[in-house]
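Given next are the chains, with one letter for each unit.
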Amino acid sequence: MKSYNKHITLTKAVLFILLFTGMAHSLVQAKSCTKGKKPADKNATEQVANLYRNLAMLAPDYIMIGHQDALSYGIHWKKGTDRSDIKDITGSHPAVFGWDIGGIELGQPVNLDSVPFDEMRENIIRVYLEGGVNTISWHAYNPVSGGSSWVEDKNRPSPTVAKILPGGSDHSAFLKQLDKVAGFLKSLKAPDGTLAPVVFRPWHENSGNWFWWGAIHCSVDEYKSLYRCTVDYLQNKHHLHNLLYAYSPDVGFKDAAGYLERYPGDDLVDIIGLDDYNSLNTGHPEKLISNLEIIAKVANEHHKIAAFTETGSNRVERKDYFTNELLPCLDHSELTRSISWVLFWRNADQKQHFVPAPGHPAAENFKEFVKNKDILLLNNIPDMYKKYKKIKPSGKDI
Ligand code: BMA
């Protein structure tokens, strides 16, 4: 009996040590992945700081799924309530919701893809209240020519950026655009008075030449000044502190130095992004792996978070694209697995869509893809605006 008791005491001690070291390990893990990870904006709201911390805690083990305009329309529908093509297939909305505010600077009621800004605002606030992640891109109209983001002749330099920087002939026209952007970002107020945090992703795909802020249309310094001027104006003139900032060039870099050539600075950027449609659609998974590993390394070295900010295969014509092409790249190494989210572009219609809807030949493949233990939808993530010691996504075991 005595020895039996002794045995129990010993077992208890062992269990206690195991439990304690396990807890300590998780805490150390939580600490090491969040270490030094604070929003670049020192005055970021509490909800933004929690969001960043939670993104950092999830990133090493999980990848969240994002979709542009998920709640606004789908391949076969134009207006829905609580509907998304991803939910129609999987039963859950995506975890990350992409929006675009191109057109806000013109005072338009709808964005460049006809999404009403009032509806977008409502949806952004709803996503915030449900604990999901919002990210906003900006296909900005040209403040000098009045034209779209796209330069007509992408091989011919268009000197817009130089003109809208401080001291330039069109600087004030640009600031008026930013005032409109700020107005929208300030209007994302929840009923409790807090502002919905947003990952703002201005001046994206700048390594290409198709937008007026693209590589051949401005010098390295001009691009960096454009980014700095944007952040500075939103933070200091408009006192906006509900934002994380993403830097997201397109493909074309070979190494970290190439990626960082136009990087505006650690004091301005939170998310080390990448837009890459090219690698998989041209049959080069090794390029995607290399690009993801480069951004993951840059993120580690700069104490930031890496994200695959835009991708997809239009119409998903290769029906095992998700499990046989994309997943092996995302799951290639510890570095690729540390990507925080992957965002698929919009489901405009039958001709342009990047996520399947029910009945689509790739629908089953998408379902298989999201069953993977590392892949998270809205139903798997906790409220991203609360503070946790440790996060365990629901329905997913690692
Ligand atoms: C492009 C296409 C266009 C759209 C633009 C901005 O990639 O989807 O149809 O207008 O993005 O969202």
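It should be noted that the structure appears before, not after, this text.
Keep in mind that this is a model prediction, so the values were computed, not measured. (Residues numbered from 1 in each chain as written. Predicted model: local features only at pLDDT ≥ 70, side-chain atom pairs only at ≥ 80, totals over all residues. Heavy atoms only, no water.)

**Focus on the environment of arginine 262**
Note the following rule: Strands are runs of DSSP state E lasting at least 2 residues, helices are runs of H or I lasting at least 4, and numbering of each runs from the N terminus. Residue contacts follow a heavy-atom distance rule, with two residues in contact if any of their heavy atoms lie within 4.5 Å. Polar contact is the term for a pair of N or O atoms within 3.5 Å; when the atoms are in protein, one must be able to donate a hydrogen and the other to accept it, and sequence-neighboring residues count only if both atoms are side-chain atoms.
Relative to the helices and strands, arginine 262 is located in the loop between helix H8 (256-259) and strand S6 (271-275). Along the primary structure arginine 262 and serine 207 are separated by 55 residues, whereas in three dimensions their C-alpha atoms are 8.4 Å apart. Excluding residues that lie within four positions of it along the chain, arginine 262 makes contacts with Asn206, Gly214, Ala215, Cys218, Ser219, Val220, Tyr223, Lys224 and Tyr247. Among the polar contacts made by the side chain of arginine 262, one reaches the main-chain carbonyl oxygen of alanine 215 at a distance of 3.2 Å. Polar contacts involving the side chain of arginine 262 include one to the main-chain carbonyl oxygen of cysteine 218, which spans 2.9 Å.

**Some remarks on the site of the ligand**
Put simply, the test is: Here a residue counts as near a molecule or strand whenever at least one of its heavy atoms sits within 4 Å of it. Here, Shrake-Rupley sampling with a 1.4 Å probe gives the accessible areas, and only protein chains in the shown set may cover a residue. Residues are grouped as follows: Ala, Val, Leu, Ile, Met, Phe, Trp, Tyr, Cys and Pro are nonpolar; Asp, Glu, Lys and Arg are charged; every other residue, Gly included, is polar.
The local shell around the ligand consists of Leu112, Asp113, His139, Trp150, Trp345, Arg346 and Gln352. Here glutamine 352 contributes a side-chain N or O atom positioned 2.5 Å from an oxygen atom of the ligand. For the ligand, the accessible surface in isolation is 310 Å², of which the surrounding protein chains cover 73%. Taken together, the residues of the shell around the ligand sort by class into 3 nonpolar, 2 polar and 2 charged.

**Considering the packing of aromatic side chains**
Definition in use: Aromatic rings from Phe, Tyr and Trp, with only the six-membered ring used for Trp, were paired whenever their centres fell within 6.5 Å, and each pair was classed as stacked if the ring planes differed by under 30 degrees, edge-to-face if by over 60, and tilted otherwise. With a 1.4 Å probe rolled over the protein chains alone, any residue whose accessible area is under 20% of its type maximum counts as buried; one over 50% counts as exposed, and the rest are partly exposed.
Under the counting rule described, the total for this entry stands at 25 aromatic pairs. The interplanar angle of 45° and the centroid separation of 5.1 Å between the aromatic rings of tryptophan 138 and tryptophan 203 together place this pair among those described as tilted. You can see tryptophan 138 sitting in the loop between strand S3 (133-137) and helix H5 (160-164) and its partner tryptophan 203 sitting in the loop between strand S4 (198-201) and helix H7 (220-237), a full 65 residues away along the chain. We note that tryptophan 138, like tryptophan 203, is buried. Pairing tyrosine 223 with tyrosine 227 gives two aromatic rings, centres 6.4 Å apart and planes at 55°, and the pair type is tilted. Highlighted residues: tyrosine 223 and tyrosine 227, both in helix H7, separated by 4 residues, approximately one helical turn. Residue tyrosine 223 shares its accessibility class with tyrosine 227, and that shared class is buried.

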